[in-house]
Amino acid sequence: MNNNNYVMDWDSTIENESAEFVLLPEGDYDFEVTGFERARHSGSAKLPACPKAVVTIKVFDINDNIAVIKHNFFLHSSCEGLICAFFTSIGLRKRGERFAMAWDRIIGCKGRCKVAQRKYTGNDGNEYTTNEIKRFYEPAEKSAKQAWTSGQF
């Protein structure tokens, strides 16, 4: 688990500034997994109480802007498809393969995803817009990535 949160005292040294929020246009983006924490979903109208993985994902746009998205993976059978897609996207699982979720191996993994914008009402009553991941893509097959080389057929 990668948890860089800690309690500071009055004389602690500080240096880590908050990153500026980047709202991405809806589209497909490369990403890298940068964090993971275990948490618990307390239950809702759609989902019973269950464990959840909170994954921090850095998404890169074509202008080298970086958006950080926290994505919740609920460990419930109704969410299994999205979890499979995530592990397939980062190359730890092959499509159709039975796989034990290896959360301890995800940090540093890269993949591709579809990002959308979601509106929500904050605790202050104001409406905000944030990034959310709607889908994880399978890695491109190696044969599709082979480039044409001069002099070869």
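Residues numbered from 1 in each chain as written. Predicted model: local features only at pLDDT ≥ 70, side-chain atom pairs only at ≥ 80, totals over all residues. Heavy atoms only, no water.

> Any chance you could explain the overall build of the chain here in plain terms?
Along its length, the chain carries two helices and five strands. Mapped in sequence order, the helices and strands of the chain form the string β-β-β-α-β-β-α. The 153 residues of the chain split such that 31% are buried. Taking the intrachain contacts of the chain between residues at least 6 apart in sequence as the baseline, contacts between residues at least 24 apart amount to 50%. Within the structure as shown, the chain displays about 11400 Å² of accessible surface, and the carbon and sulfur contribution to it stands at 47%. (Helix = DSSP H or I, 4+ residues; strand = E, 2+ residues; numbered from the N terminus. Buried < 20%, exposed > 50% of the residue type's maximum accessible area, 1.4 Å probe, protein only. Contact = heavy atoms within 4.5 Å. Areas by Shrake-Rupley, 256 points an atom, 1.4 Å probe, with all protein chains shown as cover.)

> Explain the side chain of His41 here, please?
Mapping His41 onto the fold places it in strand β1 (residues 27-41). Beyond its immediate sequence surroundings of up to four residues, His41 is in contact with Leu47, Pro48, Ala49, Cys50, Lys52 and Phe74.

> Help me understand a nonpolar patch on the surface in this model?
On the surface, a nonpolar cluster with roughly 390 Å² of combined accessible area is contributed by Tyr6, Met8 and Ile14. Turning to its location among the elements, Met8 is positioned in the segment before β1. The class of Met8 is partly exposed, set by a relative accessible area of 47%. (Patch = residues over 30% accessible without salt bridge, like charges linked within 9 Å, V, L, I, M, F, W, Y side chains within 5 Å. Salt bridge = Lys/Arg side-chain N within 4 Å of Asp/Glu carboxyl O.)

> Which parts of the structure should I look at to understand the nonpolar core?
The tendency in soluble globular proteins is for nonpolar side chains to be buried side by side. Counting 25 residues, the largest nonpolar core has Phe31, Val55, Phe86, Ile90, Trp103 and Ile106 as its most contacted members. Of all the secondary-structure elements, those providing two or more residues to this core are β1, β2 (50-60), β3 (66-74), α1 (80-89), β4 (110-121) and β5 (127-137). If sequence neighbours within four positions are ignored, Trp103 has contacts with Phe36, Ala53, Val55, Phe73, Leu75, Ile83, Phe86 and Phe87. (Core = buried A, V, L, I, M, F, W, Y, C linked by side-chain atoms within 4.5 Å.)

> Please explain the pairing of β3 as it appears in this structure.
The side chains of a regular strand alternate, residue by residue, between the two faces of the sheet. Where β2 meets β3, nine bridges bridge the pair, whose relative direction is antiparallel. Following the sheet pairing, Val59 is matched in β3 by Ala67. In this structure, the hairpin formed by β2 and β3 is closed by a connection of five residues, where Asp64 is found at a positive phi of approximately 65°. (Pairing = 2+ DSSP bridges.)

> Explain the sheet that holds β3 to me, please; I cannot follow it from the model alone.
Working definition: the strands of a sheet are paired by backbone hydrogen bonds and lie parallel or antiparallel to each other. Pairing is antiparallel in the open sheet, where five strands are placed in the order β3-β2-β1-β4-β5. Two strands lie at the open edges of the sheet, namely β3 and β5, each paired on one side alone. For this sheet the average axis-to-axis angle between neighbouring strands, irrespective of direction, equals 35°. Of the strand pairs in this sheet, β1 and β4 are connected by six bridges, and their pairing is antiparallel. (Axes fitted to C-alpha atoms, helices over the stretch in contact; angles between N-to-C directions.)

> Is there a simple way to explain the packing of aromatic side chains in this structure?
With the rule as written, the count across this model stands at eleven aromatic pairs. Ring geometry for Phe73 against Trp103: centres 5.8 Å apart, planes inclined by 50°, an arrangement best described as tilted. On the criterion of sequence distance, the pair formed by Phe73 in strand β3 and Trp103 in the loop between α1 and β4 is long-range, its members being 30 residues apart. Under the relative-accessibility criterion, Phe73 is labelled buried at 1%. Arranged with centres 5.4 Å apart and planes meeting at 70°, the rings of Phe86 and Phe87 form a pair that is edge-to-face. For Phe87, a relative accessible area of 1% translates into the label buried. An aromatic cluster is present here, built from Phe31, Phe36, Phe73, Phe86, Phe87, Phe99, Trp103 and Phe136 joined pairwise through their rings. (Phe/Tyr/Trp six-rings, centres within 6.5 Å; stacked < 30°, edge-to-face > 60°.)

> Explain α1 to me, please; I cannot follow it from the model alone.
Two residues of an α-helix separated by three or four positions point the same way, owing to the 3.6 residues in each turn. All of the buried residues in α1 are Ile83, Phe86, Phe87, Thr88 and Ser89. Against the buried residues of α1 lie β1, β2, β3, β4 and β5. A positive phi of about 85° marks Gly91, the residue just after α1.

Keep in mind that these numbers describe shape and distance, not what the molecule does.
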